[in-house]
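# Structure at a glance
Next come the chains, spelled out residue by residue.
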Amino acid sequence: MKPFAYLRPDSLTHASQLTEEPSAIPIAGGTNLLDLMKLQVETPESLIDVNKLSLSEIGDEGEGLRIGALATNTATAAHPRVRSDYPVLARAILAGATQQLRNKATTAGNLCQRTRCYYFTNIDQPCNKREPGSGCGALDGIARLHAILGASSQCIATYPGDMAVAMAALGAEVEIMNAGGETTRVPLEDFHRLPGDTPEKDNILESGDIITGVILPAPVKGVQLYRKVRERSSYAFALCSVAAIVNMEEGRIGDIALAFGGLAHKPWRDKRVEEALKGTEPSLKGFDEAAEILLEDAQGYGENDFKIPLTRRTLKAVLCEATGMDT
Amino acid sequence: MSKTLEMNEPDTRNRLDDMAGRNVGAPMDRPDGPAKVAGAAPYAAEYVIDNVAEGVLVTAPFARGTITSIDERSITGMDGVIAVISDERLTARPAQGTANETPVQTPLSIAYFGQPFALVVAETFEQARNAAKALKFDYSADDPSEIPFDPEAVEAEENDATRQGDLDKAMADAAHSVDITYYTEGHASAAMEPHAAIAEWDGERLTVHASLQMPNYNITELADSLNLEEDNIRILSRYVGGGFGSKLGVSQETVAASIAAMKLGRPVRVVMSRQQVFQTVMRRSETKQRLRLAADKDGRLTGFGHEALVSNLPEEDFAEPVTQASAFLYPGKDRELLIEVARIHRMTAGSVRAPGEAVGMQTLEAAMDELAEKLELDPVELRLRNIPDEHPASGLPYSSRKMEEALKQGAEAFGWHSGPRKPRQKREGEWWIGTGMATAARIHNVGEAEARVTLNGDGTVLVETDMTDIGTGTYSILTQIAADMLGVEPAKVLVDLGDTNHPRGPGSGGSWGAASSGSSVFIACEAVRKAIAEKLGVEEADLELSGGTAKGGGQEKLLSELAGNEGIAKTGTFKPGDAQDDYAMASYGAFFSEVAVNRWTGEARVRRMLGAFGFGRVLNAKTARSQCIGGMTWCIGAALTESLLFDPVDGHVVNCDLAEYHVPVHRDVPHLDVLMIEERDPAASPIQAKGVGELGICGGAGAIANAIYNACGARLYEFPMTPDRIIAAMPED
Ligand SMILES: Cc1cc2nc3c(=O)[nH]c(=O)nc-3n(C[C@H](O)[C@H](O)[C@H](O)COP(=O)(O)OP(=O)(O)OC[C@H]3O[C@@H](n4cnc5c(N)ncnc54)[C@H](O)[C@@H]3O)c2cc1C
Ligand code: SF4
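Residues numbered from 1 in each chain as written. Chains lettered and ligands numbered in written order. Predicted model: local features only at pLDDT ≥ 70, side-chain atom pairs only at ≥ 80, totals over all residues. Heavy atoms only, no water.

## What to know about the overall build of chain A
- Looking only at helices and strands, chain A features 12 helices and 11 strands.
- The C-alpha radius of gyration of chain A comes to 19 Å, within 12% of the 20 Å expected for a compact globule of 327 residues.
- Expressed as lengths along the three principal axes of its C-alpha atoms, the size of chain A is roughly 60 × 50 × 35 Å.
- Burial status across chain A gives 56% buried among its 327 residues.
- Counting contacts in chain A only where the partners sit at least 6 residues apart, residues at least 24 apart contribute 65% of the total.
- Carbon and sulfur atoms make up 47% of the accessible area of chain A, which totals about 12700 Å². (Helix = DSSP H or I, 4+ residues; strand = E, 2+ residues; numbered from the N terminus. Rg over C-alpha atoms; globule rule 2.2 N^0.38 Å. Buried < 20%, exposed > 50% of the residue type's maximum accessible area, 1.4 Å probe, protein only. Contact = heavy atoms within 4.5 Å. Areas by Shrake-Rupley, 256 points an atom, 1.4 Å probe, with all protein chains shown as cover.)

## Considering the site of ligand 2
- Around ligand 2, the surrounding shell holds 15 residues, and the nearest of these are Cys117(A), Cys127(A), Cys136(A), Cys155(A) and Ile156(A).
- For the shell around ligand 2, the residue count by class is 10 nonpolar, four polar and one charged. (Near = heavy atom within 4 Å. Nonpolar A, V, L, I, M, F, W, Y, C, P; charged D, E, K, R; others polar.)

## Comments concerning a negative patch on the surface
Residue and element names in this part refer to chain B.
- Side chains of Glu6, Glu9, Glu448, Asp578, Asp581 and Asp582 sit close together on the surface and give a patch of like negative charge.
- The biggest single contributor to the negative patch is helix 15 (residues 578-582), with three residues.
- Within the secondary structure, Asp581 is located in helix 15.
- On the basis of relative accessible area, Asp581 is assigned to the exposed category, the value being 55%. (Patch = residues over 30% accessible without salt bridge, like charges linked within 9 Å, V, L, I, M, F, W, Y side chains within 5 Å. Salt bridge = Lys/Arg side-chain N within 4 Å of Asp/Glu carboxyl O. Lys, Arg positive; Asp, Glu negative; His and termini not counted. Charge placed at Lys NZ, Arg CZ, Asp CG, Glu CD.)

## Notes on the packing of aromatic side chains
Residues and elements named next belong to chain B.
- Here the structure, examined in full by the defined rule, presents 14 aromatic pairs over all chains.
- Geometrically, the ring pair formed by Phe414 and Trp416 is tilted, given 6.4 Å between the ring centres and 45° between the ring planes. When sorted by exposure, Phe414 lands in the same class as Trp416, which is buried.
- Ring plane angle 75° and centroid distance 5.5 Å describe the contact between Phe591 and Phe613, whose orientation is recorded as edge-to-face. (Phe/Tyr/Trp six-rings, centres within 6.5 Å; stacked < 30°, edge-to-face > 60°.)

## Quick notes on the interface of chain A and chain B
- Contacts between the two partners involve 41 residues from chain A and, on the opposite side, 43 residues from chain B.
- Carbon and sulfur atoms supply 54% of the area buried between chain A and chain B, which totals about 3500 Å² over both sides.
- Ranking the residues of chain A by area buried against chain B places Glu231(A), Arg232(A) and Arg313(A) at the top, with a combined share of 22%.
- At the junction of chain A and chain B, the tally comes to three salt bridges.
- Among the salt bridges present, the one from Arg227(A) reaches Glu430(B), with a minimum N-O distance of 2.8 Å.
- Run the count over chain A and chain B and you get 17 residue pairs in polar contact (both at pLDDT 80 or more).
- Residue assignment for the side of chain A that touches chain B shows that the elements contributing at least two residues are strand 9 (223-229) and helix 12 (307-323) of chain A.
- For the side of chain A that touches chain B, the leading source of residues is helix 12 of chain A, giving eight residues.
- Broken down by class, the residue content of the side of chain A that touches chain B amounts to 19 nonpolar, eight polar and 14 charged. (Buried area = accessible area lost by both parts, 1.4 Å probe. Polar contact = N/O pair within 3.5 Å; in protein donor to acceptor, adjacent residues only side chain to side chain.)

## Re the packing of helix 16 (residues 621-641) of chain B against helix 17 (residues 700-712) of chain B
All names here are of chain B.
- Between helix 16 and helix 17, the shortest axis-to-axis distance is 8 Å and the interhelical angle comes to 45°. One element, helix 16, and the other, helix 17, form an angle in the oblique class. When the axes of helix 16 and helix 17 are compared, the crossing they make is right-handed. Contacts from Cys635, Ile636, Ala638, Ala639 and Leu640 of helix 16 reach helix 17 at Gly700, Ala701, Ile704 and Ile708. (Axes fitted to C-alpha atoms, helices over the stretch in contact; angles between N-to-C directions. Parallel < 35°, antiparallel > 145°, perpendicular 65-115°, else oblique. Left-handed = near helix turned anticlockwise from the far one by under 90°.)

## Here's the deal with the environment of Tyr183(B)
Residue and element names in this part refer to chain B.
- Take Tyr183: it is sitting in strand 9 (residues 176-184).
- For Tyr183, a relative accessible area of 32% gives the class partly exposed.
- Sequence-distant contacts of Tyr183, that is, excluding residues within four places in its chain, are made with Glu152, Thr287, Lys288, Tyr717, Glu718 and Phe719.
- Of note is the side chain of Tyr183, whose polar atom sits 3.1 Å from the side chain of Glu152.

## Regarding the packing of helix 11 (residues 284-294) of chain A against helix 12 of chain A
Residue and element names in this part refer to chain A.
- Axis separation between helix 11 and helix 12 bottoms out at 9 Å; the angle between their running directions is 135°. Between helix 11 and helix 12, the crossing angle belongs to the class labelled oblique. Here the hand of the crossing between helix 11 and helix 12 comes out right-handed. Between helix 11 and helix 12, the residues in contact are Leu284, Phe287, Asp288, Ala290, Ala291, Glu292 and Leu294 and Thr311, Arg312, Leu315, Lys316, Leu319, Cys320 and Thr323, respectively.

## Observations regarding the pattern of salt bridges
Residue and element names in this part refer to chain B.
- Inspection of every chain in the model, using the stated rule, returns 87 salt bridges over all chains.
- Here Glu320 makes a salt bridge to Arg284, at a shortest N to O gap of 3.0 Å. With Glu320 in the loop between strand 15 (301-312) and strand 16 (334-343) and Arg284 in the loop between helix 8 (274-280) and strand 14 (287-295), the pair connects residues that are 36 residues apart, well separated along the chain.
- Between Arg607 and Glu428 there is a salt bridge whose closest N-O contact spans 3.0 Å. Here Arg607 is found in strand 27 (residues 604-614), whereas its partner Glu428 is found in strand 17 (residues 427-428), with 179 residues between them in sequence.
- A relative accessible area of 34% means that Arg607 is categorised as partly exposed.
- We classify Glu428 as partly exposed; its relative accessible area is 36%.
- By sharing partners, the salt bridges in this structure join Lys3, Asp11, Arg13, Arg15, Glu526, Arg529 and Glu540 into a single network.

## Some thoughts on the environment of Gly434(B)
- Positionally, Gly434(B) belongs in strand 18 (residues 431-443).
- Ignoring anything within four residues of it in the chain, the contact list for Gly434(B) reads Ser593(B), Glu594(B), Val595(B), Ala707(B), Asn710(B) and Ala711(B).

## Here's the deal with the domain arrangement of chain B
All names here are of chain B.
- What the domain assignment reports for chain B is domain 1 (2-40 + 447-577) and domain 2 (353-444 + 585-729).
- The gap between the C-alpha centroids of domain 1 and domain 2 is 35 Å.
- Between domain 1 and domain 2 lies a buried interface of about 2100 Å² when both sides are counted; carbon and sulfur atoms form 57% of it.
- Here Asp17 makes a salt bridge to Arg617, at a shortest N to O gap of 2.8 Å.
- Here domain 1 is connected to domain 2 by 12 residue pairs in polar contact (both at pLDDT 80 or more).
- Taken together, the elements giving at least two residues each to the side of domain 1 that touches domain 2 come down to strand 1 (2-7), helix 1 (15-18), helix 12 (474-486) and helix 13 (513-536).
- Looking at the side of domain 1 that touches domain 2, the element that brings in the most residues is helix 13, giving five residues.
- Residues belonging to the side of domain 1 that touches domain 2 are distributed by class as follows: 14 nonpolar, 13 polar and four charged. (Domains from an automatic or database assignment.)

## Some remarks on the site of ligand 1
- What surrounds ligand 1 is a group of 30 residues, the closest being Pro26(A), Gly30(A), Thr31(A), Thr106(A) and Asp162(A).
- With respect to ligand 1, the chains having nearby residues are chains A and B.
- Here an oxygen atom of ligand 1 sits 2.8 Å away from a polar atom, N or O, in the main chain of Ala28(A).
- Separating an oxygen atom of ligand 1 from a backbone N or O atom of Ala236(A) is a distance of 3.4 Å.
- Bound to the protein, ligand 1 loses 95% of the 970 Å² it would expose on its own.
- Where the shell around ligand 1 is concerned, the elements lending two or more residues are strand 2 (24-27), helix 2 (33-38), helix 7 (107-112) and strand 8 (210-216) of chain A.
- With four residues, the top contributor of residues to the shell around ligand 1 is helix 7 of chain A.
- Of the residues that constitute the shell around ligand 1, the class distribution is 17 nonpolar, 10 polar and three charged.

## Re the UniProt feature "domain: FAD-binding PCMH-type" (unreviewed entry) in chain A
- Within this structure's numbering, the places UniProt gives as "domain: FAD-binding PCMH-type" (unreviewed entry) are residues 1-221 of chain A.
- Between the end C-alpha atoms of residues 1-221 of chain A there is a gap of 48 Å, over a span that is 26% helix and 17% strand. (UniProt positions renumbered as here; feature names shortened; annotations may be inferred.)

## Considerations on helix 12 of chain B
Residue and element names in this part refer to chain B.
- With 13 residues, helix 12 should reach 18 Å at 1.5 Å per residue; the first-to-last C-alpha distance of 18 Å fits that figure.
- Counting buried residues in helix 12 gives 13 out of 13 residues, a clear majority hidden from the surface.
- Phi turns positive one or two residues past the end of helix 12, at Gly487, with a value near 65°. (Expected span 1.5 Å × (residues − 1).)

## Things to note about the environment of Arg335(B)
Residue and element names in this part refer to chain B.
- Relative to the assigned elements, Arg335 resides in strand 16.
- The class of Arg335 is buried, set by a relative accessible area of 2%.
- Sequence separation between Arg335 and Thr68 is 267 residues; the distance between their C-alpha atoms is 50 Å.
- Setting aside chain neighbours within four positions, we find Arg335 in contact with Thr162, Arg163, Gln164, Phe304, Ser326, Ala327, Tyr330 and Pro392.
- Among the polar contacts made by the side chain of Arg335, one reaches the main-chain carbonyl oxygen of Gly332 at a distance of 3.0 Å.

If you want it as structure tokens, here you go:
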């Protein structure tokens, strides 16, 4: 761990100004950042502790819900409105990490958690994300956790989180305040990026940007499920995961939203898959065809080839359950 | 005065059964438990020592080559930096279990990625860690494309072989046979407490608090590494937060801390990071195993073949003894057992949790399941038909063996259906449900052990040995043995362990600690009893000790009175003898498991599991049960989740933390039932006890594999059986 300055501003504007310095990093629960600092993967010169800012509230916003950037994962998953109106979110959060970690983990920290790529976290290995231009250790190495969709020749890492996958299915928006004090909202789907030629950038945040909250739109009708697949039944990241909101109308699939985790550098949402399913009668054949669309451009890197059939099967399992299909 | 007992013949006296006290065998709580849960039991790194400096190991970022120079000045100006220790005595690898000599000591000659070669010492841990990362050094690294990392890509050397009769012919003539190749992946010990040491040097004597399993060997290894006399060294390992093999031999941090303390003249603490523990201590070798089983029409084995390919670094003697139980468990006069070692440049391979049987039994038992299927025979019945009368190779008789009882009682307790078996018979929603079973077997070892037992003038008893309690329950069982032998309450017994100033114990490893160390305490107690008897003027055999009093020859006296001011102190020495050569000795058992496999995702979850075990006298029903449960938990890991992943380019361990190396978590471990079968094995030890620590690991992963097949019809030949492998092997609906 490199020596660093520790600052604890009590206003948002001040926090944002301090974070404008490129070598400054905000810290919330610290459950991801501190680990990476110990490994010297992250070497900030100053840590801007945002915990004094009043950003932990969860409350109604119109018909929707606003979740503060500092609300803990535990508080969010237990919130009565999340449980009743957005159960997919509660399920996704509870499928992640452990109780102890969720007690510390925050909304913003969870969105910004970094990849679990083994080469990213080992500074004796090449990694374009950690050190642009140094190469990608995973490409020739062990790519078990890695992406099958949207990867680039520079980086095949995945975004590892669960919470954001549910938020993507819900059509959430991320609220960000920049150094100039302006607040903007971006669809969660556009918050994380694909690696392309700049894998060092996980998301659209610029220096000085502070996440202030996540806004969920008005609740929608339908069954909400989150399915996470892993060899160890808890305390493990997803090999693949599916967040599904499916509304059945007279035996047919009505409105449907699907988002996928563990497959790409961001929570993956492909509207073509949803379109293909909408209006159809549930059938294994139809589900297969939907999976075909999803995985059209999927590419494995050896160790993670299995994610292609696994995703197809998991999608089928989720759709069977959501549509109440008897198999 | 002391007493020595060499185990030259079975001890059928069963003396512990004649004692008035009934502590041995009882589920007594651990005397060390309250201190442990209250955080009052210090582990190696936790001793508060004045003026201690902190050391962090510097490791090589390449697989093979030489460190040509270390630029100490690159960090001298940094805050808090005290020194860079580069010394030819630094050890490059850990010592293998019971090595009793220094491990490879050429720190600058790098043989694996992550090998430590220097130590940076600073005032605080953070400063040391930062400086260790900043230290500059030059090196010449070999071209990785010319370094072997893949065990199958090199020519392997023969390590151990037994050949008898003509196995090929037996296979050709067999009514039924199987010939299957399995792969198992590497394992980490993954003990909770990382490797750590604090060394203090007073100019003459070195005192080291370290997390070690076998101080009795470690002191010799450390002395040899440092060129010091053993008399000038004291190792303390009072509490060890798990070892599972990785702390059998002295490892790099202990030697480095010692050298630094001696050079700097102040105490130095070295704690490995979790990543360093994973990358620099010990791995269990991955294995490739071929099983050949030939059977007659009734399922009796006529031929038996078990060949294994394992790996290690050059110069390491250790080869995962995969065929250890195969040597004695089942019959078959035509036999071939073989272990080959591939020399590759992954980190050191060594003992990890039941070396040999842990990976050898699971494959054997999976192969037995396929044989049972071919025979259309109940798998339990197949095992029962294959309990040999004598050791199939040496012809030695078996000592006590509860295999049949374990199979039958286990099956009954589990509710095993003994009819013909077919896969894919039961589904609950998305989950296929199936059952599977396996035999358990683990060789029984003992080692020389010494302990001193003192009956004090106040009627309390002190037991001293450098034996360790690595979470296994040594404090408990030695308390119980001394309490019953000397007729005092357990609360009056103090057991003082893990200090090399005490008589030499056997150390904890290979499940030999309880039987060996327990015997030394038993023998010392016999000597104390003899002294008491003499004072009373009766034969020792006529002495009755209970409730703190001695009765005999019509007299009754308080033990405290008999002990007098100076007390009665006796040393007991247990030595392995002819009995160990005259019998084939092992602990036995059987596993039964019920597993659910998700038809879509291939996730496998153990729903319940039962182990029935016979391991001689049960010394403490609670700690023994805990050992069995721990073993069965490792079975779940070996079957479903655990695998060390190695980078193909430079051989480093990639999943080097507990987030990515998946030991089972609570949610993976259902209720585990343990059935302990009453047994006394007179040949095993004077206390009729055998090893239990590792038995629960030996075969259970096979029971889970067999249940996966029974559930969903997927036969897998690779452990662990992760969802990706299961969906690839599962028949389509
Ligand atoms: C062993 C382990 C297992 C885990 N398993 C899972 C799992 O299964 N699923 C899962 O989803 N997660 C898992 N996690 C990750 C966990 O969810 C994250 O560590 C946590 O959500 C991060 O939140 P935090 O508040 O602690 O973030 P921090 O560590 O404080 O910060 C993380 C990042 O967010 C940035 N950040 C924090 N707040 C703001 C803000 N307001 N504005 C801008 N940037 C900000 C920080 O600069 C940093 O880059 C696991 C973590 C561990 C250690
Ligand atoms: S996949 Fe991305 S994060 Fe992993 S090594 Fe390659 S560049 Fe780095």
